Amino acid sequence: MIAAVVMDLDGIIESAPPWRGTGHAIDDVREVRAIDDADALVRVLAGYVPVVIVTTAPAGYVAALTDQLPDLFDPVSSIVVGDPADLLEIALESLGMAAGNVVALLNSAEGLMDARALGMRAMALPGPRHPLPWQVAAAGIPISPAPHHAAVSLLRVFRTEGVIPLRWKLIRELLPV
């Protein structure tokens, strides 16, 4: 049964990472906004299970993002900042859950394959600047084209597994098309 969702920061915000050669200070978040429906995705999922955001971005940048985008980050249980090799393991540790009870909603092929190797369920949510290679689909990893689609897909799984006794009418109200 799904008991938590771990998602990549890059899959829910639109921005060029300012710490990667742009010359901006790491807390400069003038051009950052949530991807359409990302705040609804986080809010709806967090209403049923803990949501953890993972990122390799510097902590100062993430802190500035949380101040600028409170609707996106307020429902989040925790944010894990660190090295890509350790992010998912740290997220699992912070949740205190078995990997099989956690869905990794990520935007990189490497992260998705790492999640699978750890025993997590994987679902791809490519960001606008992160197209996924064909290997993701070839590995049988479901791909959600947008946050709205990911939310509906995960709510279906929640409903099937008995996590939530939710009617489809309510899902349509929570996530209007």
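For the structure, see preceding data.
This text gives an overview of the structure that appears in the document. Computed from a prediction, not measured in an experiment: that's the story for all the values here. (Residues numbered from 1 in each chain as written. Predicted model: local features only at pLDDT ≥ 70, side-chain atom pairs only at ≥ 80, totals over all residues. Heavy atoms only, no water.)

Turning next to the packing of helix 1 (residues 38–46) against helix 7 (residues 147–160). The relative placement of two packed helices comes down to the angle between their axes together with the axis-to-axis distance. Between helix 1 and helix 7, the shortest axis-to-axis distance is 8 Å and the interhelical angle comes to 15 degrees. Judged by the inter-axis angle, helix 1 sits roughly parallel to helix 7. At the point where helix 1 passes helix 7, the crossing takes the left-handed sense. Contacts between helix 1 and helix 7 involve A38, L41, V44 and L45 from the first element and P147, A150, A151, L154, L155 and F158 from the second. (Axes fitted to C-alpha atoms, helices over the stretch in contact; angles between N-to-C directions. Helix = DSSP H or I, 4+ residues; strand = E, 2+ residues; numbered from the N terminus. Parallel < 35°, antiparallel > 145°, perpendicular 65-115°, else oblique. Left-handed = near helix turned anticlockwise from the far one by under 90°. Contact = heavy atoms within 4.5 Å.)

The subject of this paragraph is the sheet that holds strand 4 (residues 51–55). With respect to topology, five strands assemble into an open sheet ordered 5-4-1-6-7, the strand pairing being parallel. Both edges of this open sheet fall to strand 5 (78–81) and strand 7 (121–124), since each of them pairs with a single strand only. Across this sheet, the average inter-strand angle for adjacent strands is 20 degrees, counted without regard to direction. As paired elements, strand 6 (residues 102–106) and strand 7 share four bridges and run parallel to each other. For V103, the partnering residue across the bridge sits in strand 7 and is R121. In the packing of helix 4 (residues 87–95) onto the sheet, the strands contacted are strand 1 (4–8), strand 4, strand 5 and strand 6, and the crossing angle to strand 5 comes to about 150 degrees. Most of the contacts of helix 7 go to strand 7, to which it runs at about 155 degrees, and overall it touches strand 1, strand 6 and strand 7. (Pairing = 2+ DSSP bridges.)

The next point concerns unusual backbone geometry. We note that D37 has phi near 70 degrees; this positive angle belongs to a residue other than glycine. If you trace the backbone, D37 turns up in the loop between strand 3 (33–34) and helix 1. Accessibility expressed as a relative area gives 36% for D37, which makes it partly exposed. (Buried < 20%, exposed > 50% of the residue type's maximum accessible area, 1.4 Å probe, protein only.)

Locating D114 in the fold gives a position in helix 5 (residues 109–118). Here D114 falls in the partly exposed class, since its relative accessible area comes to 38%. It is 9.7 Å that separates the C-alpha atoms of D114 and P84, two residues lying 30 residues apart in sequence.

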